[in-house]
Amino acid sequence: MIWGVLQFPGSCDERDALHACRLARVEFGDQARLVWHEETDLSGLDGIVIPGGFSYGDYLRAGAIARFAPAMSAVADFAAAGGPVLGICNGFQVLCESGLLPGALLTNTGTRFICRQGELVVGEADSPFLSRFEPGEKISVPFKHESGRFYAPPELLARIEENSQVAFRYAPGQNPNGSLNDIAGVINEAGNVLGLMPHPEHAVEAFSGSTDGLRIFQGPTRAAGPVGVAA
Amino acid sequence: MSKHGELGLTDAEFELICQKMERPPNDVELAMFSLLWSEHCAYKHSRKLLKTLPSEGVRVVMGPGENAGAVDIGNGFSIAFKVESHNHPSAVEPFEGAATGVGGILRDVIALGARPIAILDSLRFGELDTERTRYLLDGVVRGIGHYGNSMGIPTVGGEIYFEPPYEQNPLVNAMCAGIARTDGMVRAAASGVGNKVVLMGSLTGRDGIGGASVLASAELGEGESDKRPTVQIGDPFEESKLLECCQELLEADLLVSLQDLGAAGLTSSAGEMASAGGVGIDIDVGLVPLREADMEPFEIMVSESQERMLAVVEPERVDEVLALCDKWQTASAVIGEVTASGDFRILRGGETVGEIAVDALVDGCPLYDLDPAEPPEWIYANRRTIDSTDPSQILLALLASSSIASKQWAYDQYDTLVGSRTAHRAGDADAAVLRVPEAGRSIAIAIDGNGRRVACDPYLGTIEATLECAANLACVGAEPLGVTNCLNFGNPEKPTVAWQLSRSIEGLGDVCRELDLPVVGGNVSLYNETPSGPIYPTPVIGMVGEVPDHTKSAGRPWKAGDTIALVGPLNPSLAGSELEKARGELGSGLPEAEVGAIWGAVGLVRDAVRSGEIETATDVSDGGIATTLAELALTAGIGCEVDLDPVMTVHQLSPEDALFGEGPGGFILAGHAQAIEALGGGGVELEIIGEAGGGTIEISAGGEQVRVLVAEASAAFESLPESIEA
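What counts, and where the lines are drawn
Residues numbered from 1 in each chain as written. Chains lettered and ligands numbered in written order. Predicted model: local features only at pLDDT ≥ 70, side-chain atom pairs only at ≥ 80, totals over all residues. Heavy atoms only, no water. Helix = DSSP H or I, 4+ residues; strand = E, 2+ residues; numbered from the N terminus. Rg over C-alpha atoms; globule rule 2.2 N^0.38 Å. Buried < 20%, exposed > 50% of the residue type's maximum accessible area, 1.4 Å probe, protein only. Contact = heavy atoms within 4.5 Å. Buried area = accessible area lost by both parts, 1.4 Å probe. Salt bridge = Lys/Arg side-chain N within 4 Å of Asp/Glu carboxyl O. Polar contact = N/O pair within 3.5 Å; in protein donor to acceptor, adjacent residues only side chain to side chain. Nonpolar A, V, L, I, M, F, W, Y, C, P; charged D, E, K, R; others polar. Domains from an automatic or database assignment. Pairing = 2+ DSSP bridges. Core = buried A, V, L, I, M, F, W, Y, C linked by side-chain atoms within 4.5 Å. Axes fitted to C-alpha atoms, helices over the stretch in contact; angles between N-to-C directions. Parallel < 35°, antiparallel > 145°, perpendicular 65-115°, else oblique. Left-handed = near helix turned anticlockwise from the far one by under 90°. Patch = residues over 30% accessible without salt bridge, like charges linked within 9 Å, V, L, I, M, F, W, Y side chains within 5 Å. Areas by Shrake-Rupley, 256 points an atom, 1.4 Å probe, with all protein chains shown as cover.

## Details of the overall build of chain B
Helix and strand counts for chain B come out as 27 helices and 28 strands. A globule of 726 residues ought to have a C-alpha radius of gyration of about 27 Å, and chain B, at 26 Å, matches this closely. Judged by the C-alpha coordinates and their principal axes, chain B covers about 85 × 55 × 45 Å. Taken over 726 residues, chain B has a buried fraction of 65%.

As structure tokens, this is what we get:
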């Protein structure tokens, strides 16, 4: 896999995401590079990560300006063609603002930024990003955000649930932000776009206390398989 | 009042300016002098004392005089670090005051060519039972989080104390550490006659005029809300772009020198760059990108608009520099030139509107001797909050007291993880540990300063604060490489404060010389005083240390069956302790500290942690041995059974001294019995005092007995949010 990690002015976790992408399938020689927000040519990339942070300062509303970035039109085309796209935290907000994922992310009910390690329950969603998890499995990743309260109007929420588009829920009692139905992450209907508020890129090495996040990055695989080896 | 008087200059200082200029200064020049000759910029009451501090060391890359200090961590990398105060702005407007405090210290580190990797904060407030304190705490914590989180720089540690003398004058000290390639670091000195001066970052507006420099150079009085317009407004998005832009400019080797704009804005940054380089500088205010078109030259020169940096650039590289600024959507303009004149010349269009010899402006301010006098008695008010003499009740009260109770409420509001370096988060261990894989090792960072103990004895209290910081590093296996400090004191023109300040700096110098710890930078914040009196004298000590292997940096809870030992020459006493405070019995004086013996214990603990054999290590601090044991127990969720009788015999202690007495030089270590026993016999005091296990904290001392359920201790320790939301 060759990953592209978007970089907007104001991105924060782009280097962490790059690191996670490279670490994901070291044995297959996975690579990653930053994609500047003004780039429109994503050719040669097998997957896209939209990282955490405060794109363009998140003025107006989180992710509201980034959706107009030149790179985001290219990402929309990439997603429409079935390419895997992962939005983390601000990236999730950008994907919702862009209409690539359903729902919206509002200010946490506590109105404060929160940062703590927590547990997620893997949903029933069908997505390459979840291929290395069992539905119902509990994983440990950090939550850190100020606007992470997942919201969708009742009809949309019902559809998300019916279509099994919930990728992750906060474990019982751990919903940190007032998200509806404890939703922490959702996929699009095709399953190739995943957005989540928690930070899997900060759970990829033993020092951080959990490596559960790595498996999200290990999910999508290029058809060719290991470098130089036929699948 | 005379114009110079309104600007904070004395008549004698004004006379001296006239002499140096051989004429009276015009309005632009007077505004510039008033700022650079303020306490905040000129350190006129502290510079003579600061010169006595040791600053040399084999690992020192940059020392005092640069934007921040820096130490070599090997493999071609250095850590730049500094701590700075933003006390008065935070007293007036806590959110913006704290946010811009963080922004300012980040720029100091960025100016060396380093990428910030960690923020720590040392905060002081009044007691939590007033609405003002809760308002200030909430705003300050939000402000710190807002700036650091938005910048993508983790806030990894710090400390918060609540004491009555900080009620009207809180302290907000922010520390930043950054990493740089040693050969890519840049200094602030302007050089190369004909080189261009480029201003980058936010537009210059009227905000913060006279902010840090005037606000920070006088006591706080009534009607402080009138000063709100002098507080700067922060925009972390601008700073984030500026950081990335500066990193790319330096990687491309496009800059001759770099300096941030802080207090006194363009006046101090351009003046100090010229002074350090021994050159002159021309600045054309007509070329400065402005937020408000009709600004006067003096306003442009003293504006403290945030998120700005000044660079010296060779003429042929200017286009590349401006293009990179455009890439990062950060405003930039050539606003001047380095000259051979030795003068700081202010132009508007072609017209000269001010001209001052650089050395008169930057180095000409008179330095004052202090007039210290030790006060005959304790000058701070005492307040009784504990009546009980039952040690279990005392323990629970101490665990719930605001200064000791868990600060997780605050840490939860900070991004502690971004950057993927944080091996020990805030609150997990005695010091933060950050991985530096580039250099093949990790670093530890700690910040400490118990103002109450310094109030009891400024000399010994400062020595204790320095030892405490080193002890915290030792508990994660780190050896200190360098020291930074922020000296927060009251009005130095008053003899008592002058005595506190001079004794404190003497203590800092003596202990750093004895232990060979170079002081590579620092900051002084004076006039922290209101009509109700001065704050506790509060030297905040920050240290960066080296950790060979972060997997051997302790910070883990004890396990059932672990042997518990007290290590070091701790001679606990109630003097200056949390218990003495709670009883309203504070007074002057602390017991002597055996620095050499304590340093031996620090080394033993560091080596024990580094060996990987000991995974639980902490120093005995606020609330004494019983409180320290209780904190270890509640972290682990496992109790302990401890007997302090042997410790009482060695040091001839009363039960209360043994349980709740404080002092430097004590550590609690826990681990396998063999690992603990193997530490003994090397000349450092080591007493096995008990074993971890069960659900109760049981500590006996003389005939006295602490018996507290771990769950009860936990509830007390976690009670801070209730006091805050009250």
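There is more to say after this.
## Considering the interface of chain B and chain A
A common measure of how large an interface is: the accessible area buried when the components associate. Counting from both sides, the interface comprises 31 residues of chain B and, opposite them, 28 residues of chain A. Each partner contributes to the roughly 2400 Å² buried at the junction of chain B and chain A, and carbon and sulfur atoms together form 50% of this total. Along the contact surface separating chain B from chain A lie five salt bridges. A salt bridge links A:Arg15 to B:Glu244, with the nearest nitrogen and oxygen atoms 3.0 Å apart. Here chain B and chain A share 10 residue pairs in polar contact (both at pLDDT 80 or more) between them. Elements with a minimum of two residues in the side of chain B that touches chain A: α8 (131-151), α10 (236-251) and β14 (422-424) of chain B. Among the elements that take part in the side of chain B that touches chain A, α8(B) stands out by supplying five residues, more than any other. The residue inventory of the side of chain B that touches chain A, partitioned by class, reads eight nonpolar, 11 polar and 12 charged.

## What about the domain arrangement of chain B?
Along its sequence, chain B is organised into domain 1 (1-37 + 187-365) and domain 2 (389-419 + 554-726). For domain 1 of chain B versus domain 2 of chain B, the separation of C-alpha centres amounts to 49 Å.

## Focus on the environment of A:Ala152
All names here are of chain A. Within the fold, Ala152 resides in the loop between β8 (149-151) and α4 (154-162). Sequence separation between Ala152 and Glu14 is 138 residues, and the spatial gap between their C-alpha atoms is 28 Å. The residues contacting Ala152, other than those within four sequence positions of it, are Gly103, Leu157, Ile160 and Leu180.

## Focus: the pairing of strand β25 (residues 667-671) of chain B
Consecutive residues of a regular strand have side chains that alternate between opposite faces of the sheet. All names here are of chain B. Most of β25 is tucked away, with five of its five residues classed as buried. Burial along β25 is two-sided: Phe667, Leu669 and Gly671 and Ile668 and Ala670, pointing in opposite directions, are all buried. In this sheet, β25 lies alongside strand β22 (residues 563-567) in antiparallel orientation, the contact comprising five bridges. Bridging from a neighbouring strand, Ala565 pairs with Leu669 of β25. Pairing of strand β23 (residues 616-619) with β25 involves four bridges; the strand directions are antiparallel. For Thr616, the partnering residue across the bridge sits in β25 and is Ala670.

## Focus: the nonpolar core
B:Ala444, B:Met543, B:Val567, B:Val605, B:Phe667 and B:Leu669 are the most contacted members of the largest nonpolar core, which has 73 residues in total. Ranked by the residues each element gives to this core, the list is headed by helix α18 (residues 458-474) of chain B, at 10 residues. Not counting residues up to four positions away in its chain, the partners in contact with B:Ala444 are B:Ala431, B:Ala432, B:Val433, B:Leu473, B:Val476, B:Ala478, B:Met543, B:Val544, B:Gly545 and B:Val547. One finds A:Ala71, A:Leu95, A:Ile139 and A:Leu196 within the second-largest nonpolar core, a separate group that totals 69 residues.

## Let's talk about the sheet that holds strand β5 (residues 155-162) of chain B
All names here are of chain B. Ordered in space as β1-β2-β3-β6-β4-β5, the six strands form an open sheet in which the pairing is mixed. Lying at the two open borders of the sheet, with one neighbouring strand each, are β1 (60-62) and β5. Along the sheet, successive strands turn relative to each other by an average axial angle of 25 degrees, direction set aside. Set on the sheet, α8 makes contact with β4 (115-125), β5 and β6 (171-181); between it and β4 the angle comes to about 180 degrees.

## Here we look at the pairing of strand β21 (residues 538-547) of chain B
Residues and elements named next belong to chain B. Buried residues dominate β21, accounting for 10 of its 10 residues. The alternating pattern of β21 places Thr538, Val540, Gly542, Val544 and Glu546 and Pro539, Ile541, Met543, Gly545 and Val547 on opposite faces, both of which are buried. Of the pairings in the sheet, the one linking strand β16 (residues 441-448) to β21 comprises seven bridges and is antiparallel in character. Of the residues in β21, the one forming a bridge with Asp448 is Ile541. Sheet topology note: the strand β17 (residues 479-488)/β21 ladder contains nine bridges and is antiparallel. Within β21, the residue paired with Cys486 across the bridge is Val540.

## Considerations on the packing of α18(B) against helix α21 (residues 595-610) of chain B
Residue and element names in this part refer to chain B. At a closest axis distance of 8 Å, the pairing of α18 and α21 adopts a crossing angle of 15 degrees. With respect to α21, the axis of α18 lies roughly parallel. The hand of the α18/α21 crossing is right-handed. The segment α18 lies against α21, with Ile463, Leu467, Ala470, Ala471 and Ala474 engaging Val595, Ile598, Trp599, Val602, Val605, Arg606 and Val609. Tallied by class, the residues present in the contact of α18 with α21 amount to 11 nonpolar, no polar and one charged.

## Focus on a nonpolar patch on the surface
All names here are of chain A. There is a patch of nonpolar side chains on the surface, built from Tyr59, Leu60 and Ile65 and spanning about 320 Å² of accessible area. Looking at where Ile65 falls in the secondary structure, it is placed in the loop between β3 (47-50) and α2 (70-80). The class for Ile65 is partly exposed, based on a relative accessible area of 31%.

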